[in-house]
Amino acid sequence: MKQILVEMKKDAAAAPQTEEIRQEWEKGIYDSLLIHIYSGLSEDRYASQIACALQACFPDARIVGTMSAGEILNGRLMQKGILISAMLFEETEVRVLRYDHVKGDEEDVGRRIRADLEAIPKIRGAELLFPGTELNTRPFFRELSKCRKDIQIWGGYSGDHVLNAPVHFIFDTTGVLYDSVLVTALAGENIYIDVDKCIGW
């Protein structure tokens, strides 16, 4: 697996800014490309634009994004920037699952995610992205914790540079999501995932 980090400018074309990713991807040695977008811009219109621009550059990529309260590149904190993390996998299958209309139905959604993850052959782990703390995650995680113990689970909530911001969101190539959960599943025989504890991103 190889990771490439890129700081994107919102008013510039995506292709020139992601040239390093393209060159690496076109070597032909990778099975899957996963792109995370961490946006320090609270304007939701930029989020979907960037996701769609990256999908146009990398049609085979799986793309997920979230608002971010701190984008770090090369050991420095960016000033409300857009950080792209491209992860290139040699022998790993990447699937992105989306669950909509979560609020008020958290327990059932947790149950559905658990069933969907356990049905993926050779699954090793899954990352969950939540739009914010508005969801009642207790019943959600109560169901998800019943997942097979060999499936590692990690993730986090979207954030904002403004403390106590009223609205948080995640996004993918279809648009901005306020009441959804994005689940990125990683599967394969030769991937090792070690989940530890951390605070923040």
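All of the points below concern the structure found in this document.

## What to know about the nonpolar core
Residues Met8, Leu33, Ile35, Ile37, Ile50, Leu54 and Ile84 are the most contacted members of the largest nonpolar core, which totals 26 residues. Put simply, the parts of the chain that give this core at least two residues each are strand 1 (2–8), helix 2 (19–25), strand 2 (32–39), helix 3 (44–57), strand 3 (62–67) and strand 6 (82–89). For this core, the element with the highest residue contribution is helix 3, accounting for five residues. Residues contacting Ile50, with those up to four places away along its chain left out, are Met8, Ile37, Ile82 and Ile84.

## A word on helix 5 (residues 137–144)
Inspection of helix 5 places Thr137, Pro139, Phe140, Glu143 and Leu144 among the buried residues, and these make up the whole buried set. Summarising the axial view, the buried residues of helix 5 lie within an arc of 165°, below the 170-degree limit, and thus occupy one face. In this structure, the buried residues of helix 5 make contact with helix 4 (106–118), strand 8 (123–130) and strand 9 (152–157).

## Side note on the pattern of salt bridges
Using the criterion set out here, one finds 15 salt bridges in the structure. Note that Arg95 and Glu93 form a salt bridge whose closest N and O atoms lie 2.6 Å from each other. With a closest N to O distance of 3.5 Å, Arg111 and Glu107 form a salt bridge. One end of the pair, Arg111, and the other, Glu107, are both in helix 4, four residues apart, so they sit about a helical turn from each other. Residue classification places Arg111 among the partly exposed residues on the basis of a relative accessible area of 33%.

## Points about the sheet that holds strand 9
Sheets are built from strands that pair by backbone hydrogen bonding, the pairs being arranged parallel or antiparallel. On the basis of which strands lie adjacent, the open sheet formed by four strands has the order 7-12-8-9 and mixed pairing. With partners counted over all chains shown, the strands left at the sheet margins are strand 7 (93–100) and strand 9, one partner each. Neighbour-to-neighbour, the strand axes of the sheet open up by a mean angle of 20°, direction not taken into account. Across eight bridges, strand 7 lies against strand 12 (residues 180–187) in antiparallel orientation. Bridging across to strand 12, Arg95 finds its partner in Ala185. Contacts from helix 4 reach strand 7, strand 8, strand 9 and strand 12, with the element oriented near 160° to strand 7. Seen against the sheet, helix 5 touches strand 8 and strand 9 and runs at an angle of roughly 175° to strand 8.

Calculation criteria
Within every chain, residues take consecutive numbers counted from 1 along the sequence as written. Predicted model: local features are reported for residues with pLDDT of at least 70 only, side-chain atom pairs are reported and counted for 80 or more only, and whole-chain, interface and lining totals are derived from all residues. By convention in this description, side-chain values take in all heavy atoms of the structure and omit both hydrogens and water. By nonpolar core is meant a set of buried Ala, Val, Leu, Ile, Met, Phe, Trp, Tyr and Cys residues that side-chain atoms within 4.5 Å join together. Only protein chains enter the accessibility calculation, which uses a 1.4 Å probe; a residue is then buried when its area is under 20% of its type maximum, exposed when over 50%, and partly exposed in between. Helix and strand assignments come from DSSP, with helices taken as H or I runs of at least 4 residues and strands as E runs of at least 2, each series counted from the N terminus. Here, residues are in contact when the closest pair of their heavy atoms is within 4.5 Å. Along the arc lie the directions from the helix axis toward the C-beta atoms. What counts as a salt bridge is simple: a side-chain nitrogen of Lys or Arg found within 4 Å of a carboxyl oxygen of Asp or Glu. Paired strands are those between which DSSP finds at least two bridges. The axes used here are C-alpha line fits, helices contributing only the stretch in contact, and every angle between their N-to-C directions lies in the interval 0 to 180 degrees.

Structural measurements only, silent on function.
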